[in-house]
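Listed below are the residues making up each chain.
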Amino acid sequence: MADLQTSLTPTILATASVTGVALHLFLFKRVEVDKRPVSTGASFIVAYFLLALALPSLSAEYNANLPWALIVAGLAWWCLVLSLCVSILIYRAFLHPLRKFPGPFGARLSKFWALNKVLETKCGWYRILDQLQQQYGDYVRTGPRELVIFDSAAITPILGFASVTGKGPFYDSMETSVSTTRDHAFHRQRRKIWDLAFKQSLADYAPRIEEFTSQLLSRIARDGAKGPILVNEVCIHYSYDVMSALAFGDPMGFIQGDSNAVANSVLNNIQNGVDAIGLLLHVPWLMGMLTTFSWAIGPMRQWNEYSEGLVELRKKKRDPQPDLFGHLLDNTDDTRSGRSLLNSECRLIVGAGSDTTATALTFIFVNLALYPQWLQALRDEMDPIFATASFECTRSRPVLDAVIQESMRLHPSVFFGSQRETPAQGMRIGDMYIPGHTIISIAGYQVARDERNFVRAKEFLPERWYSQPALILNKGAYMPFLVGPFNCAGRNMAMMELRSVVARVACEFDITFPPGMDFDAHDYFHRVKDHFIAGAPAQKLVFSKRVKD
Ligand code: HEM
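Under an unreviewed UniProt entry, the name given to the protein chain is Cytochrome P450, and the organism recorded is Penicilliopsis zonata CBS 506.65. Of the protein chain, the UniProt comment under Cofactor (unreviewed entry) reads exactly: "heme".

Here it is in structure tokens:
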């Protein structure tokens, strides 16, 4: 080992430290490395080995002593990584353009602050946001380059059709589809296909929805005769069957109980895996790693293989019923990337349409058990319509739609505040300037429960949607299906399912809590989990056959 005066080691360690700072200033600050977690991680590992290989040729000091070369390479690597981290932390804490926005100190430094809060609250990020709004106001810094906004005046500038924002890095962490692409031109073109597909197939699809609802009514009558029913389960079975029929041409067979073992296992894995999504959506680079390695992760691989098998079967079907898949197939190139897009969009249909609808239905049934006067109001509206056999789930009805909307206002199916990124030059929202490359989202859950937007905002008052419009101060704050160019493509389809099930179940069954149960609504809704889609706590309800007078 050379003595300190002749050794190159101090120079190498100093250079590594300066390189760490330079890496931050010239690369990490400018490039979205979250997009490339695997290659970034791999580059750091490769850097160590390159250094270890290069050192012996730099000086006899290392050539003569290879273990020493490995140690110095390791020390240099740590100097680089530590100086990079220190530079990042100092910048985030004191120099970042978002430094004037209020928020918890830990959140400025790293998204691990949010991750920790999600763990602490068992996926209750929306409850953390409630606290943050109370403490810091309408614009809160929740991450190093992230703001959550509680001001409804920001909805149109951020989410509207003329918005200058783009989708945020979260969307890169998933496979490409109409929902996840950050390429606006591609989205516009693909979204046109989806919109046309729904426009052409919705009316054809209505009788199929009614068929599934009939199956659901039989299931509820059968199981309900034995005792209280786990409402989450029947709603999930219904929505997965409807969506898989839409995506693959056939239901998975959950409502009637004839699903196969793979379908059961896929459903279980999806339900068990959702908590992980609640965590990972705060650290998209980790989510991206999971997507990259999905071939090696059993449950993800199983779902991919199973859905791709169903897509192949659907492609070979002769004279299939008209549905969304048919339209997507006709409008997707038969190339490698086209096939991959089609597969991922079939999974998207099930992913975007199943748990969302199931959660909405579960909350509506819980609300009907809580507020029996609205079960009666539904019957008063729907009985005459069913008596003349003129019910169509494509048509809105004042009370029916009001009950659905009010339930979704207070208890939305999607908690995720659709992530956006400001353009390089930043943007203005009223007097507020938001710097460029800031990740922003609107806290939809809080905005919909804000007294500035709805009178008696935390109360379940469906009448605000038809007979008492004065209870709505700002209709734009209601956005369970999002608004703007990336709003829900399946909104009309979802409303058809919700109308069909809610109207028919309400007219056929009394819905109550199990005898002896002292249902605590505050506790129940406090236990809702936020894992992108809201996870409704398990709840049993009694569905007893209605005795008509
Ligand atoms: C109650 C049921 C539903 C609710 C509450 C709901 C809500 C939403 C929300 C909030 C978004 C925006 C997500 C984001 O910001 O990233 C979205 C997007 C989307 N939803 Fe739904 N959804 C429902 C049902 C459905 C159904 C049945 C389908 C049918 C396949 C569907 C298809 C989609 C698609 C394709 C997108 C992406 C649209 C785009 O980015 O252009 N959804 N949905």
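Next comes the rest of the description.
Asker: Please provide a residue-by-residue account of the site of the ligand, values included.
Answerer: In the vicinity of the ligand lie 30 residues, with Y171, H187, R191, S418 and C488 positioned nearest. Between the ligand and K167, the relevant distance is 3.5 Å, taken from an oxygen atom to a side-chain nitrogen or oxygen of the residue. A distance of 2.8 Å is found between an oxygen atom of the ligand and a side-chain nitrogen or oxygen belonging to R191. Mapped onto the shell around the ligand, the elements with two or more residues apiece are helix 9 (184–224), helix 15 (336–370) and helix 19 (491–508). Among the elements that make up the shell around the ligand, the one with the highest residue count is helix 15 (six residues). Looking at the shell around the ligand residue by residue, the class counts come to 18 nonpolar, nine polar and three charged.

Asker: Describe helix 11 (residues 261–280), and please don't skip the residues or the numbers.
Answerer: End to end, helix 11 covers 28 Å across 20 residues, agreeing with the expected 28 Å (1.5 Å per residue, within 8%). Of all the bends in helix 11, the greatest measures close to 35 degrees and is centred on V274. For helix 11, the side-chain oxygen to backbone nitrogen distance between the N-cap and V262 is 3.1 Å, and the N-cap itself is N260.

Asker: Quick one: what's the story with the coordination of the iron atom of the ligand, residue by residue and with numbers?
Answerer: Donation to the iron atom of the ligand from the protein comes from one atom only, C488 (SG), at 2.3 Å. Along the chain, C488 falls in the loop between helix 18 (444–447) and helix 19.

Asker: How would you sum up a nonpolar patch on the surface? Please name residues and give values.
Answerer: There is a patch of nonpolar side chains on the surface, built from V86, I90, F94, L95 and F105 and spanning about 510 Å² of accessible area. Tallying contributions element by element places helix 4 (residues 66–95) first for the nonpolar patch, with four residues. Taking the relative accessible area as the measure of exposure, V86 reaches 46% and is therefore partly exposed.

Here is what the cut-offs are and how they apply
- Numbers given for residues are sequential positions, taken from 1 along each chain in its written order.
- Local features in this predicted model are restricted to residues of pLDDT 70 or higher, and side-chain atom pairs are both shown and tallied only at a pLDDT of 80 or more, whereas totals for entire chains, interfaces and linings draw on every residue.
- With hydrogens and water set aside, each side-chain value is computed from the structure's full complement of heavy atoms.
- UniProt positions are given in the numbering used here, feature names are shortened, and annotations may be inferred rather than shown by experiment.
- One heavy atom within 4 Å of a molecule or strand is enough for the residue carrying it to be called near that molecule or strand.
- Within 3.5 Å is the distance limit for a polar contact, defined as a pair of N or O atoms, with the added protein rule that one can donate a hydrogen and the other accept it, and that residues adjacent in sequence qualify only through two side-chain atoms.
- The numbering of helices and of strands both runs from the N terminus, where a helix is a DSSP run of H or I of at least 4 residues and a strand a run of E of at least 2.
- Polar here means any residue outside two lists: the nonpolar Ala, Val, Leu, Ile, Met, Phe, Trp, Tyr, Cys and Pro, and the charged Asp, Glu, Lys and Arg; Gly therefore counts as polar.
- Residue count minus one, scaled by 1.5 Å, sets the expected span of a helix.
- One axis fitted to the seven residues ending at a residue, another fitted to the seven starting there: the angle between these axes is the bend at that residue.
- Coordination partners: N, O, S within 2.8 Å of the metal, 3.2 Å for Na, K and Ca; water not considered, so apparent gaps in a site are possible.
- The residues that make up patches have over 30% relative accessible area and no salt bridge, and they are joined within 9 Å when like-charged or within 5 Å when they are Val, Leu, Ile, Met, Phe, Trp or Tyr.
- Using a 1.4 Å probe, accessible areas were evaluated by the Shrake-Rupley method; residue-level cover was limited to the displayed protein chains.
- The working definition used for a salt bridge is a side-chain nitrogen of Lys or Arg within 4 Å of a carboxyl oxygen of Asp or Glu.
- Three exposure classes are used, based on accessible area relative to the maximum for each residue type with a 1.4 Å probe and protein chains only: buried under 20%, partly exposed in between, and exposed over 50%.

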